[in-house]
Amino acid sequence: MANRRKNSLYPKLSAELSALMRTGWADTERHDLTPAEQAPYAARRRAALSARFPGERLVVPSGNLKTRSNDDTYPFRPYSGYVHMTGDQVRDGALVLEPRADGGHDAYCYQLPRDSRDDDEFWTGAHAELWTGRRRSLAESERVLGLPCRDVRTAAADLAAAPEARTRIVRGIDPALEAAVTTDAERDAELEDALSDLRLVKDAWELGEMRKAVDSTVRGFTDVVGELSRAVASSERWLEGTFFRRARLEGNSVGYGTICAAGEHATIMHWTDNDGPVRPGDLLLLDAGVETRSLYTADVTRTLPISGTFTPLQREVYDAVYEAQEAGIATVKPGTAYRDFHEAAQRHLTARLVEWGFIEGPVERAYELGLQRRFTMAGTGHMLGLDVHDCARARTEEYVDGLLEPGMCLTVEPGLYFQADDLTVPEEWRGIGVRIEDDLVVTDDGHENLSAGLPRSADEVEAWMARFAG
């Protein structure tokens with residue numbers, strides 16, 4: 001069907017042009033493709049999901065394009081549960097686990113096939129291949145994913161007409177597929193929870209991707225330090241763009257909106273406008289992460305003195321946060337409670353706030369009442385992986401109330417934030433914000449700090465900046 005855009009310069013399509021466009025195309029089918037490196041790991045993840053829901057059909061969509069403006073769409077980012085279970089990133093796809101009589105499942109993927117050259121859609125459609133690039137054929141996808149692949153244009157009808165089976169689908173991802181099946185909201189939520197649960201412990205392939213993400217992020221932070229002088233002459237956005245260039249060069253993109261916060265903006269937890277001035281004498285809080293081409297993301301924060309050295313007060317605040325992070329990191333090992341690193345860091349910060357006279361002690365009382373939260377704002381970390389806040393739908397007893405296991409990836413990121421209009425602290429403290437964040441993986445005998453390539457102590461930060469700052 002021809003493009004019917006209202007104000008098209010070509011409102012009509014002649015039969016002669018249609019015939020011309022349908023002829024003379026080479027066969028580009030690729031027969032040299034081999035299974036993706038991730039394919040056997042994804043198969044094991046599907047087996048684990050299958051074991052949780054014997055006798056039930058499971059549908060995990062990838063998602064659809066979303067309109068940004070008129071006929072322009074946002075860059076597509078598939079649902080993380082689909083990526084984890086398939087290693088695939090296509091739009092308009094879906095993984096289906098079809099139950100077998102023995103309690104297991106047969107897995108297959110619905111995908112959008114290549115555009116046929118037998119009609120005009122391949123060059124006139126809104127998202128036609130000649131406009132947006134070549135897709136894999138279904139046969140190619142089967143070889144890469146190690147999964148049977150079917151035409152997604154029949155998926156809704158197939159699912160609606162399938163023999164009776166208890167079906168679960170991840171809701172809110174693909175409205176057309178959701179409408180095609182009869183399910184229960186509570187049971188569907190359990191499927192989404194399970195998909196999050198299964199990402200809590202990373203396999204060996206995933207840990208390799210996490211290292212790639214963090215290593216690129218370390219290089220991106222070094223890039224930013226080298227561009228500080230140019231940012232002084234422009235704004236925070238110069239530094240945001242500097243990091244973004246590294247993320248696009250070595251990965252897919254940034255894993256989340258970069259927080260590039262200078263001066264009092266550093267006290268705003270999720271400052272992403274990044275349009276403020278960068279002034280010598282102030283601090284720069286940079287919270288950023290590279291997302292790999294497989295969609296695993298780092299999440300690192302450093303707070304830097306723009307002039308290259310901390311003032312005595314800035315260093316006092318920085319040291320308090322650094323010591324809190326050290327206390328939190330020290331607890332990260334197998335068998336300890338997930339909450340331990342948070343509590344260790346928060347208790348340290350509470351003690352410093354009582355010492356400074358900003359909250360009333362004793363320390364234990366202040367901590368139990370949560371008084372430190374006026375200045376610490378958030379929790380001290382989160383799981384990390386395909387999502388920057390990974391496994392967010394995992395069961396509470398497996399996540400925040402659970403125990404750490406080897407292969408879990410998490411951040412440890414204490415901070416202190418003294419708002420510019422906070423009259424409870426002396427004027428010279430107002431507008432100071434400090435956060436230090438690192439990405440850790442739990443190992444058999446402790447932890448590995450994946451982001452250890454970036455300095456953390458105040459002395460190390462100043463020495464690093466002396467080497468690289470422009």
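For clarity, every value in this text was computed on a predicted model and none was experimentally measured.

**Student:** Can you tell me about the overall build of the chain, naming the residues and giving the values?
**Tutor:** Counting secondary structure elements, the chain contains 17 helices and 17 strands. Its C-alpha atoms put the chain at 75 × 55 × 40 Å along the principal axes. Within the span of the chain, comprising 470 residues, buried residues form 51% of the whole. Intrachain contacts of the chain at a sequence separation of at least 6 include 69% that bridge at least 24 residues. Put simply, the chain shows about 21600 Å² of open surface, and 51% of that area lies on carbon and sulfur atoms. For the chain, the distance from the average site of its 55 positive side-chain charges to the average site of its 79 negative ones is 5 Å.

**Student:** So what's going on with helix H2 (residues 39-52)? Residues and values would help.
**Tutor:** For H2, spanning 14 residues, the distance from its first C-alpha to its last is 21 Å, which sits close to the expected 20 Å at 1.5 Å a residue. Ala39, Ala42, Arg45, Arg46, Leu49 and Ser50 are the residues of H2 that are buried. An end-on view of H2 places all buried positions within 145° of arc, on one side of the element. Facing away from the buried side of H2 by over 90 degrees, the exposed positions are Arg44 and Ala51.

**Student:** If you had to explain unusual backbone geometry to someone new, which residues and values would you point to?
**Tutor:** The residue after Gly361, namely Pro362, is reached through a cis peptide bond having omega 5°. When you line up the elements, Pro362 lands in the loop between helix H14 (339-356) and helix H15 (363-369). With a phi close to 60°, Asp92 is a non-glycine residue in the positive phi region. Here Leu295, not a glycine, exhibits a phi torsion of approximately 85°, which is positive.

**Student:** So, the side chain of Ser137: which residues are in play, and what are the values?
**Tutor:** Mapping Ser137 onto the fold places it in the loop between helix H5 (129-132) and helix H6 (138-145). The class for Ser137 is buried, based on a relative accessible area of 9%. Contacts of Ser137, omitting those with residues within four sequence positions, involve Glu29 and Arg114.

**Student:** Any details on the environment of Asp174? Residues and values, ideally.
**Tutor:** With respect to the element layout, Asp174 can be found in the loop between strand E7 (166-169) and helix H8 (175-180). A C-alpha to C-alpha distance of 44 Å links Asp174 and Arg230, two positions 56 residues apart in sequence. Setting aside chain neighbours within four positions, we find Asp174 in contact with Pro61 and Asn64.

**Student:** Describe the side chain of Asn274, naming the residues involved and giving the relevant values.
**Tutor:** Mapped onto the fold, Asn274 is located in the loop between strand E9 (259-262) and strand E10 (283-288). At 3.0 Å, the side chain of Asn274 and the backbone nitrogen of Cys260 are in polar contact. Residues in contact with Asn274, not counting those within four places in the same chain, are Ser235, Glu236, Arg237, Glu240, Thr258, Ile259 and Cys260.

**Student:** Kindly report on the sheet that holds strand E13 (residues 409-412), identifying the contributing residues and their values.
**Tutor:** Read across the open sheet, the 3 strands follow the order E13-E16-E17; overall the sheet is antiparallel. In this open sheet, the two strands that pair with only one neighbour each are E13 and strand E17 (446-449). When the angles between neighbouring strand axes are averaged without regard to direction, this sheet yields 40°.

**Student:** With reference to specific residues and values, describe the packing of aromatic side chains.
**Tutor:** Considering all chains together, one arrives at 15 aromatic pairs under this definition. Both rings, one in Phe310 and one in Tyr318, keep their centres 4.8 Å apart while their planes meet at 45°; by these two values the pair is tilted. Note on Tyr318: relative accessible area 0%, which makes it buried. Aromatic rings pair up to connect Trp356, Phe358, Phe375, Phe418 and Trp429 into one cluster. Here Arg44 stacks its cationic end above the ring of Tyr41, 4.8 Å away from the centre of that ring. Seen from the ring of Tyr108, Arg150 lies directly overhead, with NZ or CZ sitting 3.6 Å from the centre.

**Student:** Explain the nonpolar core to me, using residue names and the numbers behind them.
**Tutor:** Judged by nonpolar contacts, the single largest core of 64 residues is most densely connected at Leu284, Leu416 and Phe418. When residues of this core are assigned to their parent elements, the largest contribution, 9 residues, is made by helix H10 (residues 204-226). The residues contacting Leu284, other than those within four sequence positions of it, are Val224, Leu228, Leu239, Cys260, Ala261, Ala262, Arg302, Thr303, Leu304 and Ile306. Phe53, Tyr79, Cys109 and Val144 belong to the second-largest nonpolar core, a separate cluster that totals 21 residues.

**Student:** Can you tell me about the pairing of strand E12 (residues 300-305), naming the residues and giving the values?
**Tutor:** Burial analysis of E12 places 6 of its 6 residues in the buried class, the great majority of the element. What you see with E12 is no split at all: Val300, Arg302 and Leu304 on one side and Thr301, Thr303 and Pro305 on the other are buried throughout.

**Student:** I'd love a proper account of the sheet that holds E10, names of residues and values included.
**Tutor:** If you trace the 3 strands from one edge of the open sheet to the other, you get E9-E10-E12, paired in antiparallel fashion. The open sheet has two edge strands with one neighbour each: E9 and E12. Adjacent strand axes in the sheet meet at a mean angle of 10° when their direction is disregarded. In the sheet, E9 pairs with E10 via 4 bridges, with the strands oriented antiparallel. Bridge assignment links Ile259 to a residue of E10, and that residue is Asp287.

**Student:** For helix H13 (residues 312-330), give the residues involved together with the corresponding values.
**Tutor:** For H13, built from 19 residues, the straight-helix expectation of 27 Å at 1.5 Å per residue is met to within 8% by its first-to-last C-alpha distance of 27 Å. The complete set of buried residues in H13 reads Leu313, Gln314, Val317, Tyr318, Ala320, Val321, Ala324, Gln325, Gly328 and Ile329. The buried residues of H13 all sit within an arc of 165° when viewed along its axis, so they share a single face. Turned more than 90 degrees off the buried face of H13, the exposed positions are Pro312 and Ala330.

**Student:** Tell me about the environment of Val152, and name the residues and values.
**Tutor:** Of note, Val152 is situated in the loop between strand E6 (149-151) and helix H7 (155-161). When the C-alpha positions of Val152 and His265 are compared, they lie 46 Å apart, and in sequence the two are 113 residues distant. Not counting chain neighbours up to four residues away, the residues in contact with Val152 comprise Asp92, Tyr110, Gln111 and Leu112.

**Student:** Describe the pattern of salt bridges, and please don't skip the residues or the numbers.
**Tutor:** Tallied over the entire structure, the rule returns 45 salt bridges. Linking Arg315 and Asp459 is a salt bridge whose minimum nitrogen-to-oxygen distance equals 3.0 Å. Of this pair, Arg315 sits in helix H13 while Asp459 sits in helix H17 (residues 458-468), and the two are 144 residues apart along the sequence. In this structure Arg315 comes out as partly exposed when scored by relative accessible area, which is 24%. One continuous salt-bridge network, built from bridges that share partners, spans Arg52, Asp197, Arg395 and Glu398.

Reading the values: rules and limits
- Residues numbered from 1 in each chain as written.
- Predicted model: local features only at pLDDT ≥ 70, side-chain atom pairs only at ≥ 80, totals over all residues.
- Heavy atoms only, no water.
- Helix = DSSP H or I, 4+ residues; strand = E, 2+ residues; numbered from the N terminus.
- Buried < 20%, exposed > 50% of the residue type's maximum accessible area, 1.4 Å probe, protein only.
- Contact = heavy atoms within 4.5 Å.
- Areas by Shrake-Rupley, 256 points an atom, 1.4 Å probe, with all protein chains shown as cover.
- Lys, Arg positive; Asp, Glu negative; His and termini not counted.
- Charge placed at Lys NZ, Arg CZ, Asp CG, Glu CD.
- Expected span 1.5 Å × (residues − 1).
- Arc of directions from axis to C-beta.
- Polar contact = N/O pair within 3.5 Å; in protein donor to acceptor, adjacent residues only side chain to side chain.
- Pairing = 2+ DSSP bridges.
- Axes fitted to C-alpha atoms, helices over the stretch in contact; angles between N-to-C directions.
- Phe/Tyr/Trp six-rings, centres within 6.5 Å; stacked < 30°, edge-to-face > 60°.
- Lys NZ or Arg CZ within 6 Å of the ring centre and 35° of its normal.
- Core = buried A, V, L, I, M, F, W, Y, C linked by side-chain atoms within 4.5 Å.
- Salt bridge = Lys/Arg side-chain N within 4 Å of Asp/Glu carboxyl O.

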